[in-house]
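Okay, here's what each chain looks like letter by letter:
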Amino acid sequence: MSTIWEVDDADEEIEGLDAAGRADPAYAAALGLIPAPFGRRSVAVTIDVLVYLLVQIPYWAFSVPLLLMFARSDISLYGLVNHPNFFLAALMAGISALLTAALLIIQGAFQGRAGVTIGKGIVGIRSVNVERLAKPGFWRIVLRTLIVALSNIIPVVGPAVLFSSALRDPEQRGRAWHDHATHVWLVDIKKGLDPYDAKRMRIARKVVKVEVVPQASALPSLATSANGGALPEYRPAHTVSAGVLGVAKSRGRGRQDAVGVTSQSTPMTPPPAGERDGAAVVGGYSGDRRMAEQRPAPATPGADHRVVLGVPAGIAANTPPPPAGPAAPAPAGSAGPAAVRVPQEVVERPVEVVERQVEVVERPVEAVERHTRIAVRLILDTGSEHVLDALTVFGRNPESDASSAAAVRVPVADDTRSVSKTHFALRPLPGGVEVRDLGSTNGTFILRGGVETQVASGASLMAAPGDVVRFGDRTMRIDAS
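Conventions and cut-offs
Residues numbered from 1 in each chain as written. Predicted model: local features only at pLDDT ≥ 70, side-chain atom pairs only at ≥ 80, totals over all residues. Heavy atoms only, no water. Core = buried A, V, L, I, M, F, W, Y, C linked by side-chain atoms within 4.5 Å. Buried < 20%, exposed > 50% of the residue type's maximum accessible area, 1.4 Å probe, protein only. Helix = DSSP H or I, 4+ residues; strand = E, 2+ residues; numbered from the N terminus. Contact = heavy atoms within 4.5 Å. Pairing = 2+ DSSP bridges. Axes fitted to C-alpha atoms, helices over the stretch in contact; angles between N-to-C directions. Parallel < 35°, antiparallel > 145°, perpendicular 65-115°, else oblique. Left-handed = near helix turned anticlockwise from the far one by under 90°. Nonpolar A, V, L, I, M, F, W, Y, C, P; charged D, E, K, R; others polar. pLDDT = per-residue confidence, 0-100.

1. Quick word on the nonpolar core
Residues L378, F394, F424, L426, V435, F471 and M476 are the most contacted members of the largest nonpolar core, which totals 19 residues. Looking at this core, the elements with two or more residues in it are strand 6 (376-380), strand 10 (424-429), strand 11 (432-437), strand 15 (468-471) and strand 16 (474-480). For this core, the leading source of residues is strand 6, giving three residues. In this structure, F471 is in contact with L380, V412, V419, H423, F424, G443 and M476, ignoring residues within four places of it in sequence. Ranked by size, the runner-up nonpolar core spans 13 residues in total, among them Y27, L33, V130 and A204.

Set out below in structure tokens:
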């Protein structure tokens, strides 16, 4: 019994094709491929023709004159064969034929596998397969050369019409009729991406595949946290300690939901009968029993009723009364209340309390500044994610120097060894993400809006959410968390 193994011979997926299976010019443009200009294409053809004529010099210099003599019947066939220059003429014709054959094979092989001829290499253009954006293939180049050769049936006019058809390309990519027939496209490698640079093409295809998902930036919450020790998400630029002066809304006498009060707060109790609701007060509500409890008791004759501005009641209560002294005489005919005396030590004591309160307010400034840093999420080209909340060093086996001893080290696997051992570092800042190259071999680049900017070795550049960082053959997208 024999077993037959069936292999799924599925077609290779080709990137950059539209729904109809044709090459999409927008995809090639996104990769950074630029059509070769018509002027340089003409110069490349001229150079290749001159090289072809150069290898014909031995034939034209030694063989053609003898053949012309035979054609004009100046010598017979016997005279041609026995002519003193016949051997030299035959040798030069053979050399020219061998050089021509070698030139055509080499030019065709190099153009089929690397998209380059002598002329194209000098002017900086390459031939590619328009669908795969890779080598066009040897036999496609042979067919393209035959079409050009057949156009010479009508000298001058035929080649002129053929090459000028590139100016009327409906795709605006500079492809002539023989290019459309053989699926060949000529690209400019001086101003655009070289499609035969495998590493950069691989990176460009990865970058084009990355879809930057727009995300709304997180706004700080204005709600009061239930945790009394937590820092507020939003801190105004200026604060006052005088509170808010306003008119309280009427709450009625039923059960009210506490707003901004934790579960440990004292529950609200209904006001006593006969007390008016909704009174205008400073920093409180007249219908609140707790406020009623905190109101000062009616004055009692003979009691020490001292008023201390800005001093808590506990401090004022624990302050011993001043020594008794002779009472100042009251003006004649005055029946008003006695003048209120504020002891000097009572006025000076709250200064320490106020200073301690200022210290408490200023202490969390550093923590608030740390909180203003944007939250960043890093997405590698493998799909893995990393949250950036501190200085982080990336590389194959990153090491921290003295200036970044406390940095987080994230190793990045790279089989091609295009990533340095300690390649680059990222630091979250309020204005974005600081990207610093740590002397890498292949450099660090920031891609934004199709424009790639290199980070100089040892220098830093600012990146923003949505940018792509390229380091070696690897890429990383910066997203707002």
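2. Considering the sheet that holds strand 11
Paired through backbone hydrogen bonds, the strands of a sheet run either parallel or antiparallel to each other. Strand order in the open sheet formed by five strands is 9-8-10-11-14, and the pairing between neighbours is mixed. Two strands in the sheet have a free side with no partner beyond their single neighbour: strand 9 (408-411) and strand 14 (460-463). Going from strand to strand, the sheet's axes swing by 25° on average, the running direction of each strand aside. One ladder, built from four bridges, connects strand 8 (residues 392-395) with strand 9; its direction is parallel. Directly across from T392, in strand 9, lies its bridge partner V408.

3. A look at the environment of G383
Checked against the element boundaries, G383 lands in the loop between strand 6 and strand 7 (385-388). Its relative accessible area of 47% is what places G383 among the partly exposed residues. Each C-alpha atom, one on G383 and one on M476, is 9.3 Å from the other, the two residues being 93 residues apart in sequence.

4. Side note on the packing of helix 3 (residues 57-71) against helix 5 (residues 86-114)
For the pair helix 3 and helix 5, interaxial distance at closest approach is 8 Å and the crossing angle is 140°. Comparing the axis directions of helix 3 and helix 5 gives the class oblique. Considering only the axes of helix 3 and helix 5, their crossing is left-handed. Across the interface between the two elements, P58, Y59, F62, S63 and L66 from helix 3 touch F86, L88, A89, A90, M92, A93 and S96 from helix 5. Partitioned by chemical class, the residues of the contact of helix 3 with helix 5 number 10 nonpolar, two polar and no charged.

5. Side note on the confidence of the model for the chain
Of all residues in the chain, 63% have pLDDT values of 70 or greater, and the mean over the chain is 74. Within the model, the stretch residues 243-252 combines pLDDT values under 50 with 12 contacts to residues more than four positions away or in other chains. Segment residues 326-340 is flagged for pLDDT under 50; beyond a separation of four residues in sequence, or across chains, it makes two contacts in the model.

6. Description of the sheet that holds strand 2 (residues 125-129)
As summarised here, the arrangement of the three strands in space is 1-3-2, forming an open sheet in which the pairing is antiparallel. A strand with exactly one partner marks an edge of an open sheet, and here the two such strands are strand 1 (34-35) and strand 2. Summarising the sheet, strand 2 and strand 3 (residues 184-188) pair through five bridges and their orientation is antiparallel. In the sheet register, N129 faces strand 3, and the bridge partner there is V184.

7. Re unusual backbone geometry
Even without glycine at this site, S73 takes up a positive phi of about 65°. Position of S73 relative to the elements: it lies in the loop between helix 3 and helix 4 (77-81). Look at S73 and you get exposed, because its relative accessible area is 61%. The phi dihedral of H183 is positive, around 55°, even though this residue is not glycine. Note on placement: H183 falls in the loop between helix 9 (177-182) and strand 3. Take H183: its relative accessible area is 31%, and that puts it in the partly exposed class.

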